[in-house]
Amino acid sequence: VQLQASGGGLVQAGGSLRLSCAASGGTFSSYAMGWFRQAPGKEREFVSSITWSGGTTYYADSVKGRFTISRDNAANTVYLQMNSLKPEDTAVYYCAASRIIVMESLIDTWGQGTQLTVSS
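Rules used in this analysis
- Here the residue numbering is sequential within each chain, running from 1 through the sequence in written order.
- Two thresholds apply to this predicted model, a pLDDT of at least 70 for residue-level local features and 80 or more for giving and counting side-chain atom pairs, whereas whole-chain, interface and lining totals are computed over all residues.
- To obtain the side-chain values, all non-hydrogen atoms of the structure were used and water was disregarded.
- Salt bridge, as used here, is a side-chain nitrogen of Lys or Arg placed within 4 Å of a carboxyl oxygen of Asp or Glu.
- Only DSSP runs of H or I reaching four residues or more are called helices, and only runs of E reaching two or more are called strands; each is numbered from the N terminus.
- A 1.4 Å probe rolled over the protein chains alone gives each residue an accessible area, and that area as a share of the maximum for its type sets the label: buried under 20%, exposed over 50%, partly exposed in between.
- Each Phe, Tyr or Trp ring, with Trp reduced to its six-membered ring, pairs with another whose centre is within 6.5 Å; inter-plane angles below 30 degrees give stacked pairs, above 60 give edge-to-face pairs, and intermediate values give tilted ones.
- Two strands are counted as paired when DSSP detects at least two bridges linking them.
- Candidates for patches are residues over 30% relative accessible area with no salt bridge; among them, like charges are joined within 9 Å and nonpolar side chains (Val, Leu, Ile, Met, Phe, Trp, Tyr) within 5 Å.
- Using a 1.4 Å probe, accessible areas were evaluated by the Shrake-Rupley method; residue-level cover was limited to the displayed protein chains.

Caption draft 1: The pattern of salt bridges, seen in detail. Applying the stated criterion to the full structure yields six salt bridges. For R37, the salt bridge is made with E45, and the minimal N-O distance between the two is 2.6 Å. Salt-bridge contacts for D89 lead to R37; the nearest nitrogen and oxygen are separated by 2.9 Å. Separated by 52 residues along the polypeptide, D89 in the loop between strand 8 (77–82) and strand 9 (91–98) and R37 in strand 4 (residues 32–38) bring together distant segments of the chain. Overall, R37 belongs to the buried group, its relative accessible area being 5%. By sharing partners, the salt bridges in this structure join R37, E45, R66 and D89 into a single network.

Shown next, in the form of structure tokens:
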């Protein structure tokens, strides 16, 4: 499967943005999907993930209650709705697909990344 992330941009603190990740070339519904991010000078970190059915979601503590992951298997797309954005959310966001579980070591495919900048 190939992944194409979009939706990043510049937003003020407290604002909202939705990232999208469109999949092609594979059976999207058989993959667990997730989002990671990498801020300048920092390691890539897990943000959120969703099981193949969409029935279970996981969040990093830093985004819990502010971000919501969802997926539309008919549209082969996973979303990350980000609310109450903070400057520390500034990073390149990567979507990822795994046939097993969304852990960095088990990712099958990475998207190209989309930049989010949150101004204070």
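Caption draft 2: Quick look at the packing of aromatic side chains. In this structure the tally under the stated criterion is two aromatic pairs. Both rings, one in F36 and one in F46, keep their centres 5.7 Å apart while their planes meet at 80°; by these two values the pair is edge-to-face. On the criterion of sequence distance, the pair formed by F36 in strand 4 and F46 in strand 5 (residues 45–50) is long-range, its members being ten residues apart. Classification of F46 by relative accessible area gives partly exposed; the value is 26%. Consider the rings of F36 and W110, whose centres lie 5.0 Å apart with planes at 65°: the pair is edge-to-face. Of this pair, F36 sits in strand 4 while W110 sits in strand 10 (residues 109–110), and the two are 74 residues apart along the sequence. With a relative accessible area of 27%, W110 lands in the partly exposed category.

Caption draft 3: Here's a closer look at the pairing of strand 5. As paired strands, strand 4 and strand 5 are joined by five bridges and run antiparallel to one another. Bridge pairing links R37 to E45 in strand 5. Counted between consecutive antiparallel strands, the loop separating strand 4 from strand 5 contains six residues, among which G41 sits at a positive phi close to 75°. Here three bridges tie strand 5 to strand 6 (residues 57–59), and the two strands are oriented antiparallel to one another. Considered in strand 6, the bridge of S49 is made with Y58. Counting the residues that bridge the hairpin from strand 5 to strand 6 gives six residues, and of these G54 lies at a positive phi of roughly 85°.

Caption draft 4: Highlighting a nonpolar patch on the surface. There is a patch of nonpolar side chains on the surface, built from I100, I101, M103 and L106 and spanning about 370 Å² of accessible area. On the secondary structure map, I100 appears in the loop between strand 9 and strand 10.

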